[in-house]
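Working through the structure, step by step
One-letter residues, chain by chain:
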Amino acid sequence: MSEKQKVADNRSRETTDEFRAFVKTGWSPRGDATPDRMPSAPYAAVRRAALSQQFRGERLVIPAGGLKVRSNDTDYAFRPHTAFAYLTGFGADREPDAVLVLDPTDDGHDAVLFFRPLASRDSDEFFDDARFGEFWVGARPSIADIEAEAGLTGRHIDDFLDAIAKDAGEVVVRIVRDCDPQLTAQVDERRVSEGREKENLEAADDELAHAISLARMVKDEHEIEQLRAAIAATQVGFEAIIAELPRLAETGRGERWVEGIFGLHARHQGNGVGYDSICAAGDHANTLHWVKNTGEIAGDELILVDAGVEVDSLYTADITRTLPVAGTFSDAQAEIYDAVYAAQQAGIAAVKPGNAFSDVHAAAIRVIAEHLHAWGLLPEGIDVEATLDKEHGQYHRRWMVHGTSHHLGLDVHDCALATREEYKDAELRPGMVLTVEPGLYFKADDELAPERFRGFGIRIEDDVLVTNDGSENLSAGMPRDRAAVEAWIAGVQAR
Ligand code: GLY
Ligand code: MN
Ligand code: MN
C-alpha cells in the first residue's frame with residue numbers, strides 16, 4: 001500500500017477539543033457487578049493442571065489469535081484458537097489478541113490472561129477507535145470481569161512481552177505457533193536473541209501444540225454436555241430444512257435456501273455453523289465438499305445435508321442426513337440408502353472400548369464392499385476380500401473414497417495433531433466422540449455404475465460417544481433408517 005493510500009482521509013470526521021471534552025463526560029458510573037464464573041472455568045482449570053504436569057518449570061504461551069482481514073478494513077468474525085478455548089473455557093468471540101500464559105511456579109503453574117481491558121471513558125479510544133473502542137464494538141471486560149469469569153489472573157496485554165522475557169535464558173518458553181503468527185514472531189525474536197536456535201524452538205513448540213491436541217481426545221463431562229447441546233441445536237436446523245422441502249423447487253437456488261435456513265438456526269441457537277454446510281442436491285452430493293450450494297432442487301431429488309451447529313462454547317456437531325425432497329425414497333434411492341445404513345450400523349456396532357479407531361472404518365467399509373460386489377460393480381474376479389486388500393485392492397474406494405470416522409469436539413476434525421499411532425491405530429476409550437459416516441456416491445457420468453443409481457450420493461453421519469461398555473449415539477434423536485426418515489419428514493411437515 002502506498003503512503004498516500006495509508007493516510008487516505010476520505011471518511012474522517014472533525015475531532016475538536018470541544019467535542020473531545022464533551023464526549024468524555026455525562027455518563028452514569030459503570031456498575032461494579034462482576035460477571036458469573038463460566039460453567040467451563042473449573043473444567044479448564046483441570047485441563048491446565050494436566051498440561052502443567054507435562055511441562056514442569058516451563059513457561060507456556062497460548063494466544064487466542066487476532067482478527068483476520070476478510071477484505072480491506074472488514075474482518076472475519078473472531079473465533080479464538082481451539083487450544084486457547086480449551087484451556088481458558090472462553091468461547092464465542094472471546095477474546096481477540098488475548099494470550100494465556102502458564103507461568104511456572106515451584107509446584108505447577110499460575111494461569112495469567114493477558115488481554116486488552118476496557119479503556120476508561122476519558123481515553124480517545126473510548127469514542128475514536130473503531131477496532132477496540134467502546135463506541136464501536138461495545139464495552140470490553142475489565143480485569144476484574146475476566147478474573148471473575150475465568151478464575152485466572154488478568155493482566156494488560158501491554159505487559160505481555162516483558163512478562164515472558166523477564167527471565168530470558170533461564171526459563172524455557174514454548175508457544176502454540178499457529179494461534180497468532182505476529183505475536184509468535186515477537187516471542188521468537190526474544191528467544192533467538194537468548195541464543196536459542198529457531199529450529200529447536202519450533203520443534204519444542206510443536207510438542208506443546210501436539211500435547212494440547214492429544215489431551216482433547218477424551219472428553220470431560222462438560223464437553224460431552226456441550227456436544228449434546230450442539231446436536232440438539234443441529235436437529236432444530238434439520239427440522240427447519242425438512243419443513244421447507246416442499247417449497248424448494250419454487251424458491252429457486254434451493255441449495256442456498258437450505259444453507260440459509262440452517263445458518264439462521266445455527267446463529268439463533270448457537271455461535272454459528274461449525275463448518276461450511278454442504279447442501280447438495282442430486283449429482284452435487286457426489287462432490288464430497290460441495291459448499292458452493294448454488295444448485296436448484298427438483299422435487300424428485302435427494303438432498304444431502306452435512307451440517308452442524310457450533311454452540312457458544314465452540315463445540316460442534318457434524319451430522320449428515322440425505323433426505324428425499326418428495327418425502328419418500330424411490331426404489332433405486334432406497335436400495336443405496338439401505339446399503340449405506342447397513343454400513344453405518346456395522347460401523348456404530350464397532351464403536352466400543354478396546355476396539356481400534358480403525359475398526360470402525362473396517363466394519364463399515366466391509367458392508368459397502370459387500371453391496372458393491374453383490375451389485376456386480378467390482379472388477380471381474382475381485383471379490384470382497386480382494387477389494388479390501390490394502391496392498392492390491394481398494395476398488396470399492398471409487399464409490400466411497402473418504403474415511404468413515406474422525407474425532408469431534410471443539411474442531412470438527414478434532415485432535416488433528418495426534419499421530420497415526422495415537423489416532424487411527426489407537427484403542428477407543430470411554431469419553432471419545434467420533435463420527436460414523438459411510439456413504440455411497442454414484443456420479444451422473446459414472447459409466448461403471450448401474451444407470452438407476454447414477455446421480456445419487458448418499459451419506460449418513462452420526463456423532464457417537466464411546467461409553468464404558470459400548471457406545472451411545474448422541475444424535476439418535478435424528479431418525480436414520482429409511483422408514484424412520486420418511487416418517488420424520490411427514491411428522492415435521494404435519495406440525
Ligand atoms: N463435515 C465434514 C465431515 O463430515 O467430516
Ligand atoms: Mn459432516
Ligand atoms: Mn464428519
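Above: the structure in question.
How each quantity is defined
- Residues numbered from 1 in each chain as written.
- Chains lettered and ligands numbered in written order.
- Predicted model: local features only at pLDDT ≥ 70, side-chain atom pairs only at ≥ 80, totals over all residues.
- Heavy atoms only, no water.
- 1 Å grid on protein atoms, 1.4 Å probe; cavity = no way out; pocket = protein on both sides within 12 Å on 5 of 7 lines; lining within 4 Å.
- Points joined across faces, edges and corners; volume = space filled by probe spheres on them.
- Nonpolar A, V, L, I, M, F, W, Y, C, P; charged D, E, K, R; others polar.
- Donors = N, O, S within 2.8 Å, 3.2 Å for Na, K, Ca; no water.
- Tetrahedral: all angles 85-135°; square planar, octahedral: opposite > 155°, others 65-115°.
- Helix = DSSP H or I, 4+ residues; strand = E, 2+ residues; numbered from the N terminus.
- Buried < 20%, exposed > 50% of the residue type's maximum accessible area, 1.4 Å probe, protein only.
- Salt bridge = Lys/Arg side-chain N within 4 Å of Asp/Glu carboxyl O.
- Expected span 1.5 Å × (residues − 1).
- Near = heavy atom within 4 Å.
- Polar contact = N/O pair within 3.5 Å; in protein donor to acceptor, adjacent residues only side chain to side chain.
- Areas by Shrake-Rupley, 256 points an atom, 1.4 Å probe, with all protein chains shown as cover.
- Pairing = 2+ DSSP bridges.
- Axes fitted to C-alpha atoms, helices over the stretch in contact; angles between N-to-C directions.
- Contact = heavy atoms within 4.5 Å.

Regarding empty space enclosed by the protein
Within the structure shown, the criterion is met by 2 cavities of 30 Å³ or more. In this structure, the largest cavity spans a volume of roughly 70 Å³. In terms of lining residues, the largest cavity is bounded by Ser-40, Arg-47, Ala-85, Gly-89, Phe-90, His-222, Ser-313, Tyr-315 and Leu-410. Split by residue class, the lining of the largest cavity holds 4 nonpolar, 4 polar and 1 charged. In this structure, the second largest cavity spans a volume of roughly 40 Å³. In terms of lining, the second largest cavity is formed by Leu-118, Ala-119, Glu-125, Phe-126, Phe-132, Gly-133, Glu-134, Gly-138 and Arg-140. Across the lining of the second largest cavity, the residue classes tally to 4 nonpolar, 2 polar and 3 charged.

Quick look at the coordination of the manganese ion (ligand 2)
Protein-derived coordination of the manganese ion (ligand 2) comes from Asp-306 (OD), Asp-306 (OD), Asp-318 (OD) and Glu-461 (OE), at a distance range of 2.0 to 2.3 Å. Relative to the metal, the 6 donor atoms surrounding the manganese ion (ligand 2) lie at angles of 58 to 171°, and the coordination shape comes out irregular. Donor residues for the manganese ion (ligand 2), ordered by position in the chain, follow D-x11-D-x142-E. A gap of 3.3 Å separates the manganese ion (ligand 2) and the manganese ion (ligand 3), which Asp-318 links by coordinating each metal. A residue pair is termed long-range when its members are at least 10 positions apart, and Asp-306 in strand S10 (residues 302-307) and Glu-461 in the loop between strand S15 (456-459) and strand S16 (462-466) qualify at 155 residues. Each of the two residues, Asp-306 as well as Glu-461, counts as buried.

A few points about the coordination of the manganese ion (ligand 3)
Ligation of the manganese ion (ligand 3) by protein atoms is provided by Asp-318 (OD), His-406 (NE2), Glu-437 (OE) and Glu-461 (OE), these donors lying 2.0 to 2.1 Å from the ion. Each of the 6 donor atoms around the manganese ion (ligand 3) contributes to a set of angles spanning 51 to 155°, which defines the coordination as irregular. Spacing between the donor residues of the manganese ion (ligand 3) along the chain follows D-x87-H-x30-E-x23-E.

Looking at the pattern of salt bridges
Taken as a whole and assessed by the stated rule, the structure comprises 37 salt bridges. Its salt-bridge partner being Glu-95, residue Arg-94 comes within 2.7 Å of it at the nearest N-O pair. Of the two residues, Arg-94 and Glu-95, both sit in the buried class. Arg-482 serves as the salt-bridge partner of Asp-338, at 2.9 Å between the closest nitrogen and oxygen. Taken together, the positions of Asp-338 in helix H14 (residues 331-349) and Arg-482 in helix H17 (residues 482-493) put the pair 144 residues apart, joining distant regions of the chain.

Describing H14
Here H14 is 19 residues long and its end C-alpha atoms lie 27 Å apart, about the 27 Å a rise of 1.5 Å per residue gives. For H14, the set of buried residues is Ala-332, Gln-333, Ala-334, Ile-336, Tyr-337, Ala-339, Val-340, Tyr-341, Ala-343, Gln-344, Gly-347 and Ile-348.

Let's talk about the site of ligand 1
Near ligand 1 you find Tyr-275, Asp-306, Asp-318, His-406, His-413, Glu-437 and Glu-461, and these make up its full shell. Here a nitrogen atom of ligand 1 and a side-chain polar atom of Asp-306 are 3.1 Å apart. In this structure, Glu-437 approaches ligand 1 through a side-chain N or O atom, which is 3.0 Å from an oxygen atom. In isolation ligand 1 exposes 190 Å². Once the protein is present, 88% of that is buried. Its residues assigned to classes, the shell around ligand 1 shows 1 nonpolar, 2 polar and 4 charged.

Overview of the sheet that holds S10
Pairing between the strands of a sheet comes from backbone hydrogen bonds, and it takes one of two forms, parallel or antiparallel. One open sheet accounts for 3 strands, arranged S9-S10-S12; its pairing is antiparallel. Because the sheet does not close on itself, it has two edges, and the strands there are strand S9 (278-281) and strand S12 (319-324). Going across the sheet, the axis of each strand differs from the next one's by a mean of 10°, ignoring polarity. Sheet topology places S9 next to S10; 4 bridges connect them, and they run antiparallel. Following the sheet pairing, Ala-280 is matched in S10 by Leu-304.

Overview of the sheet that holds S16
One open sheet holds the 3 strands; their spatial order is S13-S16-S17, and the pairing between them is antiparallel. Two strands lie at the open edges of the sheet, namely strand S13 (433-436) and strand S17 (471-473), each paired on one side alone. Here the strands of the sheet are splayed against their neighbours by 35° on average, with no regard to which way each runs. Pairing geometry for S13 and S16, over 4 bridges, is antiparallel. Bridge pairing in S16 links Val-436 to Asp-462. The strands that H14 touches are S13, S16 and S17; relative to S13, the one it contacts most, it runs at about 160°.

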